[in-house]
Amino acid sequence: MAEDKSKRDSIGLNAKEGQTNNGFVQNEDILETDLDPSSPAAGPQHNTVDILGPGEPDVKDVRPYAGMPKEVLFQFSGQARYRIPREVLFWLTVASVLLLIAATIAIIAISPKCLDWWQAGPMYQIYPRSFRDSNKDGDGDLKGIQDKLDYITTLNIKTVWITSFYKSSLKDFRHAVEDFQEIDPIFGTMKDFENLVAAIHDKGLKLIIDFIPNHTSDKHAWFQWSRNRTGKYTDYYIWHDCNYENGTTIPPNNWLSVYGNSSWHFDEVRKQCYFHQFMKEQPDLNFRNPDVQEEIKDTVTHYSQLHHDFTTTQVGMHDIVRSFRQTMNQYSREPGRYRFMGTEAHGESITETMVYYGLPFIQEADFPFNSYLSKLDKPSGNSVSEVITSWLENMPEGKWPNWMTGGPDNVRLTSRLGEKYVNIMNMLVFTLPGTPITYYGEEIGMRNILAANLNENYDTGTLFSKSPMQWDNSSNAGFSEGNHTWLPTSSDYHTVNVDVQKTQPRSALKLYQELSLLHANELLLSRGWFCYLRNDNHSIMYTRELDGINKVFLMVLNFGESSLLNLKEMISNIPTRVRIRLSTNSAYSGREVDTHAVTLASGEGLILEYNTGNLLHRQTAFKDRCFVSNRACYSRVLNILYSLC
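How each quantity is defined
Residues numbered from 1 in each chain as written. Predicted model: local features only at pLDDT ≥ 70, side-chain atom pairs only at ≥ 80, totals over all residues. Heavy atoms only, no water. Core = buried A, V, L, I, M, F, W, Y, C linked by side-chain atoms within 4.5 Å. Buried < 20%, exposed > 50% of the residue type's maximum accessible area, 1.4 Å probe, protein only. Helix = DSSP H or I, 4+ residues; strand = E, 2+ residues; numbered from the N terminus. Contact = heavy atoms within 4.5 Å. Disulfide = S-S within 2.5 Å. 1 Å grid on protein atoms, 1.4 Å probe; cavity = no way out; pocket = protein on both sides within 12 Å on 5 of 7 lines; lining within 4 Å. Points joined across faces, edges and corners; volume = space filled by probe spheres on them. Polar contact = N/O pair within 3.5 Å; in protein donor to acceptor, adjacent residues only side chain to side chain. Axes fitted to C-alpha atoms, helices over the stretch in contact; angles between N-to-C directions. Parallel < 35°, antiparallel > 145°, perpendicular 65-115°, else oblique. Nonpolar A, V, L, I, M, F, W, Y, C, P; charged D, E, K, R; others polar.

The name given to the chain in an unreviewed UniProt entry is Solute carrier family 3 member 1, with Ovis aries as the source organism.

Caption draft 1: Broad picture of the nonpolar core. Counting 117 residues, the largest nonpolar core has Tyr124, Tyr151, Ile152, Leu428 and Met469 as its most contacted members. Per-element tally for this core: the top contributor is helix 14 (residues 422–431), with 7 residues. What methionine 469 contacts, discounting residues up to four positions off in sequence, is Tyr124, Ser130, Phe131, Tyr151, Tyr440, Gly441, Glu443, Ile444, Met446, Ala477, Phe479 and Val498. Of all hydrophobic cores here, the second largest spans 24 residues; its members include Cys531, Leu554, Leu567 and Tyr610.

Caption draft 2: A look at the state of the cysteines. Summed over the entire model, instances satisfying the criterion amount to 2 disulfides. Note on cysteine connectivity: cysteine 242 is disulfide-linked to cysteine 273, with sulfurs 2.0 Å apart. Of note, the bridge from cysteine 242 to cysteine 273 carries an S-S torsion of about 90 degrees and is right-handed in sense. Remark: cysteine 273 occurs in strand 10 (residues 272–275) and cysteine 242 occurs in the loop between strand 6 (239–240) and strand 7 (243–245); sequence separation between them is 31 residues. Accessibility expressed as a relative area gives 0% for cysteine 273, which makes it buried. Here cysteine 531 is linked by a disulfide to cysteine 626, with a sulfur-sulfur distance of 2.0 Å.

Caption draft 3: Empty space enclosed by the protein, seen in detail. On inspection of all chains with the given rule, the structure shows 4 cavities of 30 Å³ or more. Along the walls of the largest cavity sit 13 residues, with Trp400, Ser526, Arg527, Gly528 and Ser629 positioned nearest its centre.

Caption draft 4: Looking closely at the side chain of histidine 617. Looking at where histidine 617 falls in the secondary structure, it is placed in the loop between strand 25 (605–611) and strand 26 (626–627). When its relative accessible area of 11% is taken as the criterion, histidine 617 is described as buried. One polar contact links histidine 617 to tryptophan 529, side chain to side chain, over a distance of 3.5 Å. Within polar-contact distance, the side chain of histidine 617 engages the side chain of aspartate 547 at 2.9 Å. Residues in contact with histidine 617, not counting those within four places in the same chain, are Trp529, Cys531, Glu545, Asp547 and Cys626.

Caption draft 5: Molecular detail of the packing of helix 14 against helix 16 (residues 508–521). Where helix 14 meets helix 16, the axes come as close as 10 Å, and the angle between the chain directions of the two elements is 10 degrees. Overall, the two elements helix 14 and helix 16 adopt an arrangement that is roughly parallel. For the pair helix 14 and helix 16, contact is made by Val422, Asn423, Asn426, Met427 and Phe430 and by Ala508, Leu511, Tyr512, Leu515, Ser516 and His519, respectively. Partitioned by chemical class, the residues of the contact of helix 14 with helix 16 number 7 nonpolar, 4 polar and no charged.

Okay, structure coming up:
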């Protein structure tokens, strides 16, 4: 009978839409209430909560409990004590999200343009035939470069620049290209190149390579078809009627090549003269021909990597460079995949060189390579100052400068200026605004070789700066394990090499690494103002400073005889004693000097550090003597850069 009554009670609950517990205790306080033994409720009854009808549940005397049905939940949620906190939290959340969005938009709006990878750190230029020989044949190759990537990373390099390694007759070693889409066998295979690219990217580095649209080799298929007047290739080069009598060419005009002889050469097959700005084995392409332009564009996009553009000036050349830029931009749309383009032009004035930056709304090169310091052969404060100011004063507003101290076609720094100027020139390029560019071996002070016995037909005058990289004091300076090298190593390789200098605290290599690390870590050097103080025949002085940072770097570089400088007379607010952050004489780094009397030896440079709130670029007297590419200010509170200074 008790079983039947329980079933009836359960059925009655369902019929009256009663509450189901689903295993939860509904209200512990109600269950634990003491019952009067005389009350009917004290009998053996199982019902502890009144069963409500189909109307609204009465929760007046009931507290929320786990597992309550939605009807009861809605009754509780509508009460003010539950509704108001919920609404407050909701609107606080909405306000917080809107505030976060507004702050993000504001930060983006006021933030200066981030430095791109080609602006953020130094470039390292490699002449591949002379860097490292991996297969003992005496010629440097692509695998050899890959073997030495760890060394390159110790220099805090951001970009590796490899000069031409296309299939070539090697008449000019860099520029006589037979096929823009093939690797010369001397350097390896296309697979070697692909492996090198992957390894460079694995190291977090970027790659640029030479691209030479100005001319080809006379062995190039295009030239062979052109000299035979084959179809569209007939006008791929610059041809002109000329007289050829008794083995002597009478050129159509008096134009000269860069080597001083006539820039016209008679071709026996076509019976015309073709134009060459370099050697006769390097005929110039005719960029007025639309087919040539398209061929070059196709070559630009053949590799997925980044390209360096070598140009000389023909009529309409800037239109061609702009079209190259447009092509590169099409492959730069993905984040982190920007294609850099630099230009290298010979024999042009500073004004003509600046045109390669492009116009305000028409971009050409990211920058034309600045080789003026590479040609400097008489060190003095005035000559160095002239190179710096001529570039910065002529450069279009908002563009980015760069500085090179050497290159494959220039006399090496040590041979040109002297060993004592290696450190000060490296200090110069790492503390100027812009991108420093180092030619391999300049970081250890390599010098030109004195002779180059070469069996190949070439003007040996440009080979002396291309001797094998000096890695250690073993045979062939560690460049090759073979029995010979394509060029002899320098006679000083026993003492001037990477292995020796990396263990010497005062070596050129150690200072180079310290300078590159300082450049990487200091906003003053990567984003700061450049303010020019003074120069004379001996020294130059300039500061690097940034709004929001009270620290200033003062560079004092002496290219002349020993000098005694009173910095207090030149900078009124400079402290009496300042700290030497870096010196070309590492024994002085970290010390303090009296600014009333700073003594500098010949070839000595100092990076001085001091605190001040009176920055020079804010002062009227320095209004025309300070420069910045992209203005930025630093917020210590938010630890961000912003542009609304």
